[in-house]
Amino acid sequence: KVTIEGTHFEDASKVLFGTGEALFAVKSSTSIEATVPETATTGKIKLIAPGGEAISTNDFVLKDAPEITNFSPASGIVGTLITINGKGFDVDGLVVKIGTGNATTVTVVSGTQLTVKVPATGTTGKITVETTAGSAASAENFTLVGPPVIASFSPTRGGIGTEVVITGQNFENLSTVKFNAATVSPT
């Protein structure tokens, strides 16, 4: 929706965004609310009335609706930094959701790339990007991984160098294992 202000709008018969004709409502003799049409192009806004035409001084710049082509990583924990690639990210009103949770840390790298941190309210699901020009959802789900959980380990005793098998959940992004103060890299 775009509000156009001027004078003598009461008998307006047509509103154009570039070459695209818009649906509109005359709010008063000085105000019209128009919906940017699918056929809009970047260019002047033109209002046509029986008394003549009015053309905007500045161009209306048509922005692309967002589109998500891919993102990485495909899974992670709360706080994971996700890179989202696509287009139409340099538009006002940007909101990014991970599943159903709004991301609060969003960085617009360019019109074709965003980085976001998985919020504490994030869930497994589609990544969505919403702007004033439209919205888009990822084709694939982002999988929110919970914290690692140790169910058991074997053997329960051993010396330095003993191989220990740990079973449990959410080991996908595991980078280190600690045996008291000693840190090792898992396989």
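Note that the structure is predicted; figures quoted are calculated from it, not measured. (Residues numbered from 1 in each chain as written. Predicted model: local features only at pLDDT ≥ 70, side-chain atom pairs only at ≥ 80, totals over all residues. Heavy atoms only, no water.)

## Observations regarding the overall build of the protein
What the protein contains, in helices and strands, is zero helices and 20 strands. Relative to a compact globule of 187 residues, whose C-alpha radius of gyration would be 16 Å, the protein shows 27 Å and is clearly more extended. Here the analysis covers contacts within the protein between residues at least 6 apart in sequence; of these, 44% occur between residues at least 24 apart. Carbon and sulfur atoms provide 52% of the accessible area of the protein, an area that totals close to 11,500 Å². For the protein, the distance from the average site of its 12 positive side-chain charges to the average site of its 16 negative ones is 8 Å. (Helix = DSSP H or I, 4+ residues; strand = E, 2+ residues; numbered from the N terminus. Rg over C-alpha atoms; globule rule 2.2 N^0.38 Å. Contact = heavy atoms within 4.5 Å. Areas by Shrake-Rupley, 256 points an atom, 1.4 Å probe, with all protein chains shown as cover. Lys, Arg positive; Asp, Glu negative; His and termini not counted. Charge placed at Lys NZ, Arg CZ, Asp CG, Glu CD.)

## Quick notes on the sheet that holds strand β2 (residues 14-17)
Across the sheet, which stays open at both edges, the four strands sit in the order β3-β2-β6-β7 with antiparallel pairing between neighbours. Across the chains shown, the open sheet's two edge strands, defined by having one partner strand only, are β3 (20-21) and β7 (52-60). (Pairing = 2+ DSSP bridges.)

## Some thoughts on the nonpolar core
Formed by 15 residues in total, the largest nonpolar core has its most connected members in I82, I84, V96, I98, V116, I127 and F142. Apart from the residues lying within four places of it in its own chain, the contact partners of I127 are I68, F71, I82, I84, V96, K97, I98, A136, A137, S138 and F142. Core analysis: the next-biggest nonpolar cluster, separate from the first, contains 13 residues, V2, F17, A34 and L47 among them. (Core = buried A, V, L, I, M, F, W, Y, C linked by side-chain atoms within 4.5 Å. Buried < 20%, exposed > 50% of the residue type's maximum accessible area, 1.4 Å probe, protein only.)

## Observations concerning the packing of aromatic side chains
A complete count under the given rule lists one aromatic pair for this structure. Plain terms: the ring middles of F17 and F60 are 5.0 Å apart, the flat faces sit at 75° to each other, and that makes the pair edge-to-face. Here F17, found in strand β2, pairs with F60, found in strand β7; they are 43 residues apart in sequence, far enough to count as distant. (Phe/Tyr/Trp six-rings, centres within 6.5 Å; stacked < 30°, edge-to-face > 60°.)

## Describing the environment of F71
Position of F71 among the secondary structure elements: in strand β8 (residues 67-72). Judged by its relative accessible area of 14%, F71 is buried. Put simply, F71 and Q113 are 42 residues apart on the chain and 9.4 Å apart in space, counted from C-alpha to C-alpha.

## A look at the sheet that holds strand β10 (residues 81-87)
Reading across the sheet, the four strands line up as β8-β10-β14-β13 and stay open at both edges, with antiparallel pairing between neighbours. A single partner strand is all that each edge strand has here, and the edge strands are β8 and β13 (106-110). On average, each strand axis in the sheet is tilted by 25° relative to the strand beside it, whichever way the strands run. Looking at chain direction, β10 and strand β14 (residues 113-117) are connected through five bridges and run antiparallel. Bridged to L81 within β14 is K117. (Axes fitted to C-alpha atoms, helices over the stretch in contact; angles between N-to-C directions.)

## A closer look at unusual backbone geometry
Residue S72 is joined to P73 through a cis peptide bond whose omega torsion reads 0°. Checked against the element boundaries, P73 lands in the loop between β8 and β9 (75-76). Cis geometry marks the peptide bond from S154 to P155; its omega dihedral reads -5°. Note on placement: P155 falls in the loop between β17 (149-154) and β18 (165-169). Not every positive phi belongs to a glycine, and H8 is a case in point at roughly 60°.

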